[in-house]
Amino acid sequence: MTAISIHMPYWGKAGEDGYHLLTYHSLDVAAVGKELLAIHPTLAERLAHLLDIDRKTLEFLAVFLLALHDLGKFSVRFQNLRPDLLNALQNRASGKEYNERHDTLGFMLWHKKIKALFHELGLVKVGKGRRVSSGEVALDAWIAAVTGHHGTPPKPINLLLEDYFEEEDQGAAESFVEAVTRLLIPDGFIFPEINDQVMKKASWWIAGFTVLCDWIGSNSDYFIRQSHIEPLEVYWERSRDRAHKAIAATELLPTAPADSMRLSELIQGIDTAESTPLQKLASGLSLGNGPQMFILEDVTGAGKTEAALILAQRLMADGRAQGIYFGLPTMATANAMYQRLGSHGYRQLYQVGTQPSLVLAHGAAHLSDDFRQSIVPPASTSDGEYRNDEPAASAHCSQWLADNRKKALLADAGIGTIDQALLAILPSRHQSLRLLGLLGKVLLVDEVHACDTYMHRLLCRLLKAHATAGGSVILLSATLPQKQRQALTASFQEGLGSRVDELNMAGYPLLTQVGDNTILEESVSTRAVVRRHVTVRCMEDIEAVEREIAMTIENDQCACWIRNTVGDALETYTRLRARYPEWNIELFHARYAMADRLDIEQRVLDRFGKSSRHEQRAGRLLIATQVVEQSLDLDFDYLVTDLAPIDLIIQRAGRLRRHGRDSHGNPVEAPDQRGTPVLGVYVPVWQDEPDHNWFAGTFNRAQGIYPDHGQLWLTHKLLREQGGFHMPEDARFLIESVYAFDADIPEGLLGRASRAQGDARAEASMADLNGLDIDQGYNDPAINRWWDDTRTPTRLGELTTTLWLACWQDGRIRPWRDDLPFAWQQSSVNIRSALISGTRMPDNISEDVISNCREVLPAKGKWGVLVIMTEHDNNEWLATITNDRGQESTLHYAAEYGLLTDSDYKNVEGVFA
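The following paragraphs examine the structure supplied in this document.

About the thresholds
- Residues numbered from 1 in each chain as written.
- Predicted model: local features only at pLDDT ≥ 70, side-chain atom pairs only at ≥ 80, totals over all residues.
- Heavy atoms only, no water.
- Core = buried A, V, L, I, M, F, W, Y, C linked by side-chain atoms within 4.5 Å.
- Buried < 20%, exposed > 50% of the residue type's maximum accessible area, 1.4 Å probe, protein only.
- Helix = DSSP H or I, 4+ residues; strand = E, 2+ residues; numbered from the N terminus.
- Contact = heavy atoms within 4.5 Å.
- Polar contact = N/O pair within 3.5 Å; in protein donor to acceptor, adjacent residues only side chain to side chain.
- Axes fitted to C-alpha atoms, helices over the stretch in contact; angles between N-to-C directions.
- Parallel < 35°, antiparallel > 145°, perpendicular 65-115°, else oblique.
- Left-handed = near helix turned anticlockwise from the far one by under 90°.
- Nonpolar A, V, L, I, M, F, W, Y, C, P; charged D, E, K, R; others polar.
- Pairing = 2+ DSSP bridges.
- Right-handed = clockwise from strand over helix to strand, strands pointing away.
- Salt bridge = Lys/Arg side-chain N within 4 Å of Asp/Glu carboxyl O.
- Phe/Tyr/Trp six-rings, centres within 6.5 Å; stacked < 30°, edge-to-face > 60°.
- Lys NZ or Arg CZ within 6 Å of the ring centre and 35° of its normal.
- Disulfide = S-S within 2.5 Å.
- Expected span 1.5 Å × (residues − 1).

Grouped together as the largest cluster of nonpolar side chains are 176 residues, with contacts concentrated most on Phe-118 and Trp-142. Top contributing element to this core by residue count: helix H10 (residues 196–217), with 11 residues. For Phe-118, the contacting residues outside a window of four places in its chain are Phe-64, Leu-65, Leu-68, Trp-110, Leu-123, Val-124, Leu-139, Val-177 and Phe-191. With 98 residues, the next largest nonpolar core counts Trp-561, Leu-656, Leu-719 and Val-738 among its residues.

Structure follows, in structure tokens:
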């Protein structure tokens with residue numbers, strides 16, 4: 001029986017209920033790893049495959065090396081964080097301060113002491129001559145992954161060992177390693193020769209596995225603090241039992257995929273006989289061998305989501321995946337998909353009687369009532385008792401998985417923003433845990449065409465990493481430019497280690513299937529019900545736009561005008577409301593407090609959504625920005641849009657007469673009866689040879705929103721010449737006519753086009769700079785910065801700052817929307833960082849009151865600015881802010897208009913009645 005008799009270091013979380021010895025915590029984490037690998041054989045197999053070793057060898061290595069994750073805490077500098085325990089446990093004192101992270105100290109101790117001990121113990125094959133064996137190189141990478149378990153790798157520094165580890169510390173660490181070797185490593189075991197490049201790639205997932213084991217093994221609800229000494233063998237058995245219970249409490253238990261699934265079971269109300277051509281193709285095509293990537297390009301209404309889930313279920317049933325993560329472009333689309341699948345559909349991916357977890361993953365997931373209601377504490381169910389072990393019908397998620405976005409991807413099924421997945425390949429703390437969460441899942445990404453250059457480049461990195469780990473991918477899109485589709489397929493093939501093939505087919509709709517050294521491109525037929533012809537009417541005069549809208553309103557129909565900027569939307573809303581006071585006009589943009597935006601969003605869905613009826617729609621006008629472009633299922637009788645790139649014009653046209661309705665606008669289960677849809681496009685005056693100011697002269701505020709004015713001119717040219725488009729027949733032609741490499745741009749716009757292309761290349765370079773290189777390994781010394789996930793740039797564009805809107809009223813500070821749960825989050829709004837660097841508080845509020853308010857803000861206000869507003873009249877609130885140049889200005893807020901700067905306010909001044 002093994003007991004360490006040298007001084008016993010404590011672990012580091014000492015409290016009123018005692019302290020835990022470092023030796024025992026180290027075994028707790030190793031025990032969690034052993035139980036996870038035993039409970040999840042597919043996880044063990046995938047990690048073994050990544051390392052190119054057998055599963056039994058993986059288990060020996062992983063469990064043993066997990067026990068070494070906290071080597072740095074043997075340092076007297078760490079132990080001296082509690083001088084009382086240093087004296088009580090080790091009978092010594094020290095004046096040394098803890099001034100270096102213990103992960104870095106552990107990695108240093110490995111290099112300068114423990115590695116030599118491995119040689120003495122015969123654990124590593126010695127290289128010939130001066131050559132270092134591949135086993136030693138692999139161990140360096142593995143130890144870096146396990147010691148770097150607090151979200152970042154250990155720092156590459158060269159410190160004097162004796163300054164941080166006194167002789168007693170080194171001896172204790174060596175005794176511990178020797179004892180753990182006897183406990184966990186069979187006699188004669190030698191660490192295998194692992195290829196250096198293989199180990200570097202695998203190190204990311206090893207790091208994530210270590211983080212997971214450490215988080216569970218640090219849970220004092222299951223791993224009781226123990227300060228009395230007992231043989232390691234005795235403690236090890238008790239720790240394994242505790243680990244099993246802790247894993248069960250987190251619900252990190254395997255859930256068996258369903259063997260088959262009917263479409264009607266996936267989405268309620270769908271008849272298998274009514275499957276779309278894309279869905280039928282997804283149901284019948286060969287899945288090939290190994291990991292697969294599918295790109296589904298089709299029109300709205302083609303059933304892309306259902307087709308993607310059919311493919312995902314087939315991959316899961318074939319043993320190639322155990323779950324899914326569905327990444328969407330916005331929180332609104334993620335919420336909508338969660339509501340769509342959470343009540344019923346996602347369970348159909350798993351066997352009857354199981355309890356798969358479903359998580360909603362984005363920055364405001366806790367504001368979703370549906371998601372909050374799905375969260376259950378350990379050992380309870382959300383829907384009560386069921387007969388014959390029938391599972392609850394609602395969405396289900398354990399409290400442990402739901403309490404941190406970094407853990408969200410570990411759930412059986414996840415729905416959230418694509419950002420949560422992109423964080424896995426950015427230097428965001430604990431990104432390795434996200435990579436681990438995606439391991440063994442089918443990654444689905446919707447609206448891929450909406451990715452800008454930066455996000456597209458990051459997505460390519462994610463695809464490569466996911467393919468490296470043996471993961472499959474399904475991408476959904478409207479029409480992708482050929483060069484973008486080629487880049488996506490090439491990235492996946494690079495991750496597989498196969499040759500990169502050139503794409504050939506340019507048809508549409510199209511299903512592209514990518515495997516190891518194979519690419520298949522198959523055209524998809526289209527149902528008559530989703531074929532559509534849209535007539536386009538370009539209008540150079542704003543009065544002409546207003547006349548078209550007026551005719552629509554007079555005919556008791558509804559209309560929407562999509563403006564490219566908030567300023568233009570505000571100006572249009574104010575002008576039309578003053579000119580037509582009898583009209584029912586609403587305003588919708590992104591610059592509202594969260595709760596106000598959600599309220600407006602719901603009203604918009606009620607009045608213009610799929611189920612809206614004549615009495616809700618008639619005579620209504622919505623002035624909106626891009627918020628209605630892709631996030632909401634809206635259906636307008638008439639739509640006008642400012643000129644935008646062709647793909648966005650097509651996207652916006654998808655909100656025009658989207659669903660079948662009768663002539664009055666009531667929903668019908670039949671072809672639409674409102675006639676040929678007409679899309680209005682507000683455009684600059686046409687010029688065959690435009691000058692550089694062609695677009696900016698009409699859309700001054702929007703000139704930076706879509707900076708490639710050459711593409712805008714090509715879009716205008718196409719729409720003028722074609723007079724409309726047929727979908728899906730014209731889709732590929734329209735996209736390639738604007739985005740092809742050899743598109744003919746007029747000389748007057750070449751300067752702007754060149755600058756825009758240069759900016760796009762800069763965005764791509766920024767993605768390459770920020771993105772992690774999986775090939776270089778977790779301990780890549782080139783990574784010199786790690787961010788918190790709230791500050792990690794998954795998207796570019798102007799930096800934004802969160803404002804916490806508060807009201808000074810009746811002698812107290814209250815959140816703008818204090819009538820709701822999570823009142824501060826519901827009262828938040830984002831604004832360009834350049835506009836605000838600080839705020840001037842009202843003179844009659846004491847600093848103590850303000851400080852107390854900051855204490856209750858999310859993260860104590862660390863990632864935002866508290867803005868305390870005073871009431872100007874019954875509808876408007878004001879605050880004084882300072883911009884990044886130190887200039888003061890007034891910020892205006894009203895539930896009707898949202899957040900206004902001084903320049904915005906000029907457009908609406910005097911109409912806050």
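The discussion continues.
Once that is clear, we can look at the environment of Thr-512. Relative to the helices and strands, Thr-512 resides in strand E9 (residues 510–515). A C-alpha to C-alpha distance of 9.9 Å links Thr-512 and Ile-474, two positions 38 residues apart in sequence. Separated by 2.9 Å, the side chains of Thr-512 and Arg-485 make a polar contact.

It is worth spelling out the packing of helix H6 (residues 102–120) against helix H9 (residues 167–184) at this point. Each pair of packed helices can be summarised by the angle the axes make with each other and by the distance between the axes. Contact geometry for H6 and H9: axes closest at 11 Å, N-to-C directions at 45 degrees. It follows that H6 is oblique to H9 by the angle criterion. As for the relative orientation of H6 and H9, their crossing is right-handed in sense. Side by side, H6 and H9 meet where Leu-109, Lys-113, Ile-114, Leu-117 and Phe-118 of the first sit next to Gln-170, Ala-173, Glu-174, Val-177 and Glu-178 of the second. Taken together, the residues that form the contact of H6 with H9 break down as six nonpolar, one polar and three charged.

Below, the discussion takes up the pairing of strand E8 (residues 473–477). In terms of burial, E8 is a largely internal element, five of the five residues being buried. Along E8, one buried face is formed by Val-473, Leu-475 and Ser-477 and the opposite face, lined by Ile-474 and Leu-476, is buried too. By the bridge criterion, five bridges tie strand E1 (residues 293–297) to E8 in an arrangement that is parallel. Residue Glu-297 lies in a different strand from E8, and its bridge partner there is Ser-477. Where strand E7 (residues 441–445) lies against E8, three bridges are found, and the strand directions are parallel. From the neighbouring strand, Val-445 faces E8, where its bridge partner is Leu-475. The β-α-β motif built from E7, the intervening helix H21 (residues 453–468) and the parallel element E8 has right-handed crossover chirality.

What follows concerns the pattern of salt bridges. According to the stated counting rule, one finds 55 salt bridges in the structure shown. In this structure, the salt-bridge partner of Arg-457 is Asp-768, at a minimum N-O distance of 3.0 Å. Residue Arg-457 is located in helix H21, and its partner Asp-768 is located in helix H30 (residues 747–770); the two are separated by 311 residues in the primary sequence. Take Arg-457: its relative accessible area is 34%, and that puts it in the partly exposed class. Note on Asp-768: relative accessible area 29%, which makes it partly exposed.

Moving on to the packing of aromatic side chains. All chains considered together, the criterion is met by 22 aromatic pairs. Ring geometry for Phe-74 and Phe-176: centres 5.7 Å apart, planes at 40 degrees, overall tilted. A residue pair is termed long-range when its members are at least 10 positions apart, and Phe-74 in the loop between helix H3 (55–66) and helix H4 (76–79) and Phe-176 in helix H9 qualify at 102 residues. Each residue in the set Phe-60, Phe-64, Trp-110, Phe-118, Phe-189 and Phe-191 is aromatic and connected to the rest through ring pairs, giving one cluster. Looking at Arg-77, its charged tip hangs above the ring of Tyr-164, at a distance of 4.4 Å from the centre. Lying across the ring of Trp-400, Lys-407 places its NZ or CZ 4.0 Å from the centre.

With that out of the way, let us pick up the state of the cysteines. Evaluated as defined, the whole model comprises zero disulfides. Free of any disulfide, Cys-560 has its nearest cysteine sulfur in Cys-558, 8.9 Å distant. Sulfur of Cys-853: no disulfide; nearest cysteine sulfur belongs to Cys-807 and is 11 Å away. Taking the relative accessible area as the measure of exposure, Cys-853 reaches 7% and is therefore buried.

Bringing the sheet that holds strand E3 (residues 358–361) into the picture now. Hydrogen bonds along the backbone pair up the strands of a sheet, which may run parallel or antiparallel. With mixed pairing, the eight strands of this open sheet are ordered in space as E3-E6-E2-E7-E8-E1-E9-E10. Two strands bound the open sheet, and with one partner strand each, they are E3 and strand E10 (518–523). Sheet twist, expressed as the average angle between the axes of neighbouring strands with direction ignored, equals 15 degrees.

Before going further, it helps to spend a moment on helix H24 (residues 566–579). For H24, built from 14 residues, the straight-helix expectation of 20 Å at 1.5 Å per residue is met to within 8% by its first-to-last C-alpha distance of 20 Å. Buried residues along H24 sit against helix H23 (542–554), strand E12 (559–562), strand E13 (584–588), strand E14 (620–624), strand E25 (898–900) and helix H33 (902–905).

On to the side chain of Thr-104, then. Checked against the element boundaries, Thr-104 lands in helix H6. What makes Thr-104 buried here is its relative accessible area of 2%. At 2.9 Å, the side chain of Thr-104 forms a polar contact with the backbone nitrogen of Lys-155. Beyond its immediate sequence surroundings of up to four residues, Thr-104 is in contact with Pro-154, Lys-155 and Ile-157.

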